[in-house]
Amino acid sequence: QTKKQALGSFYDKEIDEYVSICMCDGTLDYLSYGTFQKISKCIDDNISQSFQSAGLTELETIIIRSFLADISGLYRQDAYHVGLPPFVKFVCYILNNAIAKFPVYTKAVVRACNDYDKDDFRIGDVFTPNFCLTASADLTWEDTSVNRYYITPIKDSKTKARAIFNVKDTPEKQVTFLQDAKFRIVNVKKWGDGNKEFIMEEIIYI
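Everything in this summary refers to the structure shown in the same document. (Residues numbered from 1 in each chain as written. Predicted model: local features only at pLDDT ≥ 70, side-chain atom pairs only at ≥ 80, totals over all residues. Heavy atoms only, no water.)

1. A few points about the overall build of the protein
Per the secondary structure count, the protein includes four helices and ten strands. Listing every helix and strand of the protein by position from the N terminus yields β-β-α-α-α-α-β-β-β-β-β-β-β-β. A buried classification covers 44% of the 206 residues belonging to the protein. Contacts in the protein between residues at least 24 apart in sequence constitute 67% of all its contacts with a sequence separation of at least 6. Surface exposure of the protein reaches about 11,000 Å², of which carbon and sulfur atoms provide 49%. (Helix = DSSP H or I, 4+ residues; strand = E, 2+ residues; numbered from the N terminus. Buried < 20%, exposed > 50% of the residue type's maximum accessible area, 1.4 Å probe, protein only. Contact = heavy atoms within 4.5 Å. Areas by Shrake-Rupley, 256 points an atom, 1.4 Å probe, with all protein chains shown as cover.)

The structure is reproduced here in structure tokens:
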């Protein structure tokens, strides 16, 4: 894959394999796979009910479930190289509002980086992802085959970190930061075979 292609993939039953979903050329062709329609048919299952019990609307529930599913790359705003489609702006706005309703999380989290994550930080840099950055509360997750972020959230209710796993009963301890989260790089360490671990602290940056 190149950066002009998808950040995500979709399972194509006809050819029995995962295929790339192009999200960067403005065509929104990933909508043709019907993910939103499929999720909307599950609006009364246990997962959707747990989200709605946490205060999410039906629309927010559909959006958050698609974010947690196979088209999560849709919400990665830095993936669009020819402009951000109005539809994407709309669903990212809804996603951010939905995530804001989850419980705050103030303990350290980690993120195993993918090929699209920024990895040229220097100590003192301020990192503003401008998308809802996902991480894990499972600090035992030590994938040394890729770079990783080690993030310490703000230690009070001002943090932008939200614990999705505290609402959705799942072994995956996903923590997601709101879209306007900011981080300062406080250290850069060697990680694995030729990789790096970026130590970050969440900040309120004016």
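2. So, helix 3 (residues 58-67)
Within helix 3, eight of the ten residues are buried, leaving the element largely enclosed by the surrounding structure. When we look at burial in helix 3, the residues that qualify are Glu-60, Thr-61, Ile-62, Ile-63, Ile-64, Arg-65, Ser-66 and Phe-67. Where helix 3 is buried, its residues meet helix 1 (35-40), helix 2 (46-53), helix 4 (86-99), strand 5 (134-136) and strand 8 (174-177).

3. Quick word on the side chain of Ser-136
Relative to the elements of secondary structure, Ser-136 occurs in strand 5. A polar contact of 3.0 Å, which involves the side chain of Ser-136, links it to the backbone nitrogen of Asp-138. Setting aside residues up to four positions removed in sequence, Ser-136 forms contacts with Val-109, Val-110, Trp-141 and Lys-173. (Polar contact = N/O pair within 3.5 Å; in protein donor to acceptor, adjacent residues only side chain to side chain.)

4. Examining the nonpolar core
One broad rule of soluble globular proteins: the nonpolar side chains tend to lie buried together. Ile-64, Leu-74, Tyr-75 and Leu-95 are the most contacted members of the largest nonpolar core, which has 26 residues in total. Where this core is concerned, the elements lending two or more residues are helix 1, helix 3 and helix 4. Element by element, the count of residues in this core is highest for helix 4, at seven residues. Beyond its immediate stretch of four places on either side in the chain, Leu-95 contacts Ile-63, Ile-64, Phe-67, Tyr-75 and Cys-132. (Core = buried A, V, L, I, M, F, W, Y, C linked by side-chain atoms within 4.5 Å.)

5. Some thoughts on the packing of helix 2 against helix 3
Between helix 2 and helix 3, the shortest axis-to-axis distance is 9 Å and the interhelical angle comes to 120°. Comparing their axes, helix 3 and helix 2 come out oblique. Relative to helix 3, the crossing made by helix 2 is right-handed. On helix 3, the residues that touch Ile-47, Ser-48, Phe-51 and Gln-52 of helix 2 are Glu-58, Thr-61, Ile-64 and Arg-65. (Axes fitted to C-alpha atoms, helices over the stretch in contact; angles between N-to-C directions. Parallel < 35°, antiparallel > 145°, perpendicular 65-115°, else oblique. Left-handed = near helix turned anticlockwise from the far one by under 90°.)

6. What to know about the packing of aromatic side chains
Throughout the structure, instances matching the rule amount to eleven aromatic pairs. Both rings, one in Phe-177 and one in Phe-183, keep their centres 4.9 Å apart while their planes meet at 90°; by these two values the pair is edge-to-face. For the pair Phe-177 and Phe-183, one class covers both residues: buried. By the ring-pair criterion, three or more aromatic residues cluster together here, those being Phe-121, Phe-127, Tyr-149, Phe-177, Phe-183 and Phe-198. (Phe/Tyr/Trp six-rings, centres within 6.5 Å; stacked < 30°, edge-to-face > 60°.)

7. Some thoughts on the pattern of salt bridges
The final tally for this structure, using the stated rule, is eight salt bridges. Its salt-bridge partner being Arg-65, residue Asp-45 comes within 2.8 Å of it at the nearest N-O pair. With Asp-45 in the loop between helix 1 and helix 2 and Arg-65 in helix 3, this residue pair connects regions lying 20 residues apart in the sequence. For Arg-76, the salt bridge identified is with Asp-78, shortest N-O distance 2.7 Å. (Salt bridge = Lys/Arg side-chain N within 4 Å of Asp/Glu carboxyl O.)

8. Overview of the environment of Arg-148
Position of Arg-148 among the secondary structure elements: in strand 6 (residues 148-152). Sequence-wise, Arg-148 and Asn-195 are 47 residues apart; in three dimensions their C-alpha atoms are separated by 8.2 Å. A polar side-chain atom of Arg-148 sits 3.3 Å from the main-chain carbonyl oxygen of Trp-141.

9. Details of the environment of Val-146
Locating Val-146 in the fold gives a position in the loop between strand 5 and strand 6. For Val-146, a relative accessible area of 24% translates into the label partly exposed. Through-space distance from the C-alpha of Val-146 to that of Trp-191 is 8.1 Å; in sequence the pair is 45 residues apart. Among residues more than four places away in sequence, those in contact with Val-146 are Ala-112, Cys-113, Trp-191 and Asn-195.

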